[in-house]
Amino acid sequence: MQALCRSFLHQMAPRTAGGPLRRTSIRRQLITEIKVPPGTRIRVNNNKHQLWPSPPELLQHRCQALLHHQLSYDLLHVNSEHFVTFVRYGRAVCIQTLYKTKDTENEVATQTFQRMIPEMIPTESEL
């Protein structure tokens, strides 16, 4: 059943010159630069997870360390919500994934992002 769903989702995925979108890169882009159909409403949902955000320094470190990395995109296991929640909370979770309870960590996504980030070296003020 999962293979059938995955096949359907790959067919529905945006297409690029190289076929269905399976690889993606993490990049910084202004929300105003994202092309959406006229009349589309965009909103930031920072309050959908019942988790505590990481300190701003750690958020910044994760974000900078992951910028420009390429990875395999997988709607169910490593998607944009997994990325954003990992940066914000240190745990990759996705409330859009079917059959998962809210704020359940996706260990595959968490480990994928953790492997891309070098260890933070404490500054003198943190010692």
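Residues numbered from 1 in each chain as written. Predicted model: local features only at pLDDT ≥ 70, side-chain atom pairs only at ≥ 80, totals over all residues. Heavy atoms only, no water.

**Notes on the pattern of salt bridges**
Stage number 1. The full count for this structure, using the stated rule, is one salt bridge.
Stage number 2. One salt bridge connects Arg91 with Glu105, and the closest N-O pair in it is separated by 3.8 Å. Within this pair, whereas Arg91 is found in the loop between helix H3 (80-89) and helix H4 (107-116), its partner Glu105 is found in the loop between H3 and H4, the two being separated by 14 residues in sequence.
Stage number 3. Taking the relative accessible area as the measure of exposure, Arg91 reaches 29% and is therefore partly exposed.
Stage number 4. According to the relative accessible area criterion, Glu105 is partly exposed, its value standing at 30%. (Salt bridge = Lys/Arg side-chain N within 4 Å of Asp/Glu carboxyl O. Helix = DSSP H or I, 4+ residues; strand = E, 2+ residues; numbered from the N terminus. Buried < 20%, exposed > 50% of the residue type's maximum accessible area, 1.4 Å probe, protein only.)

**Some words on the environment of Leu51**
Stage number 1. Looking at the element boundaries, Leu51 is found in the loop between strand S3 (23-25) and helix H2 (56-66).
Stage number 2. Residue classification places Leu51 among the buried positions, given a relative accessible area of 18%.
Stage number 3. Excluding residues that lie within four positions of it along the chain, Leu51 makes contacts with Tyr89, Arg91, Val93 and Asp103. (Contact = heavy atoms within 4.5 Å.)

**A look at a positive patch on the surface**
Stage number 1. Taken together, the side chains of Arg41, Arg43, Lys48 and Lys102 define a basic patch exposed on the protein surface.
Stage number 2. With respect to the secondary-structure elements, Lys102 resides in the loop between H3 and H4.
Stage number 3. Overall, the relative accessible area of 44% leaves Lys102 in the partly exposed class. (Patch = residues over 30% accessible without salt bridge, like charges linked within 9 Å, V, L, I, M, F, W, Y side chains within 5 Å. Areas by Shrake-Rupley, 256 points an atom, 1.4 Å probe, with all protein chains shown as cover. Lys, Arg positive; Asp, Glu negative; His and termini not counted. Charge placed at Lys NZ, Arg CZ, Asp CG, Glu CD.)

**Re the confidence of the model for the protein chain**
Stage number 1. Summary statistics for the protein chain give a mean pLDDT of 77 and a share of 74% for residues scoring 70 or more.
Stage number 2. In the model, residues 14-20 has pLDDT below 50 throughout and makes six contacts with residues more than four positions away in sequence or in other chains.
Stage number 3. Below a pLDDT of 50 lies the segment residues 123-127, which in the model reaches two contacts outside its immediate sequence neighbourhood of four places, other chains included. (pLDDT = per-residue confidence, 0-100.)

**With respect to the packing of aromatic side chains**
Where two aromatic rings form a pair, the distance of their centres and the angle of their planes describe that pair.
Stage number 1. This structure, assessed with the given rule, holds two aromatic pairs.
Stage number 2. Ring geometry for Phe83 against Phe113: centres 5.9 Å apart, planes inclined by 65 degrees, an arrangement best described as edge-to-face. Here Phe83, found in helix H3, pairs with Phe113, found in helix H4; they are 30 residues apart in sequence, far enough to count as distant. Each of the two residues, Phe83 as well as Phe113, counts as buried.
Stage number 3. The rings of Phe83, Phe86 and Phe113 are connected pair by pair, giving a single aromatic cluster.
Stage number 4. Above the plane of the ring of Phe86 lies Arg62, whose end atom (NZ or CZ) is 5.5 Å from the centre. (Phe/Tyr/Trp six-rings, centres within 6.5 Å; stacked < 30°, edge-to-face > 60°. Lys NZ or Arg CZ within 6 Å of the ring centre and 35° of its normal.)

**Focus on the packing of H3 against H4**
Stage number 1. For the pair H3 and H4, interaxial distance at closest approach is 10 Å and the crossing angle is 65 degrees. Like other packed secondary-structure pairs, H3 and H4 cross with a definite hand, here right-handed. For the pair H3 and H4, the contacting residues are His82, Phe83 and Phe86 in the first and Ala109, Thr110, Phe113 and Gln114 in the second.
Stage number 2. Of the residues assigned to the contact of H3 with H4, the class counts are four nonpolar, three polar and no charged. (Axes fitted to C-alpha atoms, helices over the stretch in contact; angles between N-to-C directions. Left-handed = near helix turned anticlockwise from the far one by under 90°. Nonpolar A, V, L, I, M, F, W, Y, C, P; charged D, E, K, R; others polar.)

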